[in-house]
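So the chains spell out like this:
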Amino acid sequence: MRERIGMKQNKMKVIGLAGGVGTGKSTVATLLEKEYAAFVIMADKIGHLAMEPGTDTYEKIVVLFGQEVLNEDKTVDRKKVSDLVFSNPVLLQQLNQIIHPFVEQFIKNEIERIRKAGKYSYFFIESAILIETGYQSVCDEIWVVQTEELIRRKRLKQSRGYSDEKIDEIMAKQMGEKELCSYADKILINNGSIEEIKEQLENLLV
Ligand SMILES: CC(C)(COP(=O)(O)OP(=O)(O)OC[C@H]1O[C@@H](n2cnc3c(N)ncnc32)[C@H](O)[C@@H]1O)[C@@H](O)C(=O)NCCC(=O)NCCS
Ligand SMILES: Nc1ncnc2c1ncn2[C@@H]1O[C@H](COP(=O)(O)OP(=O)(O)OP(=O)(O)O)[C@@H](O)[C@H]1O
């Protein structure tokens, strides 16, 4: 049985918000933060912090990829790294090994900090690879955002300019929808409008 530390120590619920690329997790997470006063951590954003100059992780990334992934100001060009790793599973694994321990430590520290502050009822961890990185062990519940593949692709092409090939590559590195849903305590469908997400959140946050 998975460890349920969120409920053991006080009433703050830790919820993992999972779903494949482009399902709308960040959209849901932003609503939860802005309209439902939840505390939200977006794993992608914490991963980006690990790429900032001055961190140990930045130094390791420069060793792994070389100077050619750096912008003129020495920051990491994430688009270049993205093109390299999603077409090369070994490189992606090496990058994960650098970034994931940083993100895990950050998230665990934040759970304790926010729990101690005692101001939030809900702490959400938003990640496309929540199960793969083992965060279900710190979650009281797992929510999965589910969206039809064609809609995901359309939204990702429009908003990020991803090609179908890029989407295929990223999807291939993530757990399939059926398997992911087997971990879900709750499922949120995001094929429609933002209003429809809000209606579901009203029912889920009980
Ligand atoms: C490859 C990188 C540089 C691309 O950065 P960029 O700003 O262009 O995109 P962003 O970080 O927003 O990621 C876009 C989407 O790609 C998918 N994705 C990102 N990392 C991974 C991964 N390791 N495995 C599978 N899918 C991933 C997610 O759906 C994510 O939302 C960045 O995602 C990264 O460093 N990934 C490896 C570390 C990681 O796993 N981060 C995410 C959770 S900690
Ligand atoms: N219900 C919706 N209606 C219209 N656009 C939406 C809706 N939900 C999400 N989108 C758009 O789809 C795109 C992908 O959504 P979002 O970034 O939230 O996905 P994600 O699951 O967080 O992806 P990733 O795994 O890459 O972080 C964004 O441009 C977002 O604005």
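For clarity, every value in this text was computed on a predicted model and none was experimentally measured. (Residues numbered from 1 in each chain as written. Chains lettered and ligands numbered in written order. Predicted model: local features only at pLDDT ≥ 70, side-chain atom pairs only at ≥ 80, totals over all residues. Heavy atoms only, no water.)

**Q** Explain the site of ligand 2 residue by residue, including any values.
**A** In the region of ligand 2, 19 residues are neighbours, and Lys25, Ser26, Thr27, Arg160 and Asn190 sit closest. A distance of 2.8 Å is found between a nitrogen atom of ligand 2 and a backbone nitrogen or oxygen belonging to Gly192. Coverage of ligand 2 by the protein amounts to 78% of the 630 Å² it exposes when considered alone. When atom positions are compared with the pocket grids, ligand 2 is found to occupy the largest pocket. Secondary-structure elements contributing two or more residues to the shell around ligand 2 are helix H2 (25–35), helix H7 (149–160) and helix H10 (194–204). Of the residues that constitute the shell around ligand 2, the class distribution is four nonpolar, 10 polar and five charged. (Near = heavy atom within 4 Å. Polar contact = N/O pair within 3.5 Å; in protein donor to acceptor, adjacent residues only side chain to side chain. Areas by Shrake-Rupley, 256 points an atom, 1.4 Å probe, with all protein chains shown as cover. 1 Å grid on protein atoms, 1.4 Å probe; cavity = no way out; pocket = protein on both sides within 12 Å on 5 of 7 lines; lining within 4 Å. Sits in = over half its atoms within 2 Å of the grid points. Helix = DSSP H or I, 4+ residues; strand = E, 2+ residues; numbered from the N terminus. Nonpolar A, V, L, I, M, F, W, Y, C, P; charged D, E, K, R; others polar.)

**Q** Describe helix H6 (residues 89–117), with residues and values.
**A** Given 3.6 residues per turn, any residue in an α-helix points the same way as the ones three and four places further on. End to end, H6 covers 40 Å across 29 residues, agreeing with the expected 42 Å (1.5 Å per residue, within 8%). Largest kink in H6: about 30°, centred on Ile99, with the proline Pro101 one to four residues after it. The set of residues buried in H6 consists of Leu91, Leu92, Leu95, Ile98, Ile99, Val103, Ile107, Glu110, Ile111, Ile114 and Arg115. Its side-chain oxygen 3.1 Å from the backbone nitrogen of Val90, Asn88 forms the N-cap of H6. (Expected span 1.5 Å × (residues − 1). Bend = angle between axes of the 7 residues up to and from the residue. Buried < 20%, exposed > 50% of the residue type's maximum accessible area, 1.4 Å probe, protein only.)

**Q** Can you explain the sheet that holds strand E3 (residues 122–126)? Please cite residues and give values.
**A** With respect to topology, five strands assemble into an open sheet ordered E2-E3-E1-E4-E5, the strand pairing being parallel. The open sheet has two edge strands, strand E2 (39–42) and strand E5 (186–189), and neither has a second partner. Strand-to-strand, the axes of this sheet are offset by a mean angle of 20°, without reference to chain direction. As paired strands, strand E4 (residues 141–146) and E5 are joined by four bridges and run parallel to one another. Bridge pairing links Trp143 to Lys186 in E5. The strands touched by H2 within the sheet are strand E1 (13–18), E2, E3, E4 and E5, with E2 carrying the most contacts at an inclination of about 155°. (Pairing = 2+ DSSP bridges. Axes fitted to C-alpha atoms, helices over the stretch in contact; angles between N-to-C directions. Contact = heavy atoms within 4.5 Å.)

**Q** Break down unusual backbone geometry for me, with residues and values.
**A** Its identity is not glycine, yet Ala37 carries a phi of approximately 50°, on the positive side. Inspection of the secondary structure assignment puts Ala37 in the loop between H2 and E2. Under the relative-accessibility criterion, Ala37 is labelled exposed at 54%. Phi is positive for Lys74, which is not a glycine, with a value near 75°.

**Q** Which residues make up the packing of aromatic side chains, and what values do they have?
**A** Aromatic ring pairs: the centre-centre distance and the angle between the two ring planes describe each pair. For the coordinates displayed, the defined rule picks out four aromatic pairs. For the ring pair Phe124 and Trp143, a centre distance of 5.1 Å and an interplane angle of 70° mean the geometry is edge-to-face. Of this pair, Phe124 sits in strand E3 while Trp143 sits in strand E4, and the two are 19 residues apart along the sequence. You'll find Phe124 and Trp143 in the same group, each marked buried. Taken together, the aromatic side chains of Phe39, Tyr120 and Phe123 make up a single cluster linked through ring pairs. Positioned over the ring face of Tyr162 is Lys166, at 5.6 Å from the centre of the ring. (Phe/Tyr/Trp six-rings, centres within 6.5 Å; stacked < 30°, edge-to-face > 60°. Lys NZ or Arg CZ within 6 Å of the ring centre and 35° of its normal.)

**Q** Just give me the short version of the UniProt feature "binding site: ATP" (unreviewed entry) in the protein, but keep the residues and values in it.
**A** The UniProt entry lists Gly22, Thr23, Gly24, Lys25, Ser26 and Thr27 under the feature "binding site: ATP" (unreviewed entry), expressed in the numbering used here. From this annotated list, the subset lining the largest pocket comprises Gly22, Thr23, Gly24, Lys25, Ser26 and Thr27. Within the secondary structure, Thr23 sits in the loop between E1 and H2. Taking relative accessible area as the criterion, Thr23 reaches 1% and is therefore assigned buried. Those residues in contact with Thr23, other than ones at most four positions away along the chain, are Val145, Thr147, Arg152, Arg155 and Asn190. Structurally, Thr27 is set in helix H2. Residue contacts for Thr27: discarding those within four places in its chain leaves Ile194 and Ile197. (UniProt positions renumbered as here; feature names shortened; annotations may be inferred.)

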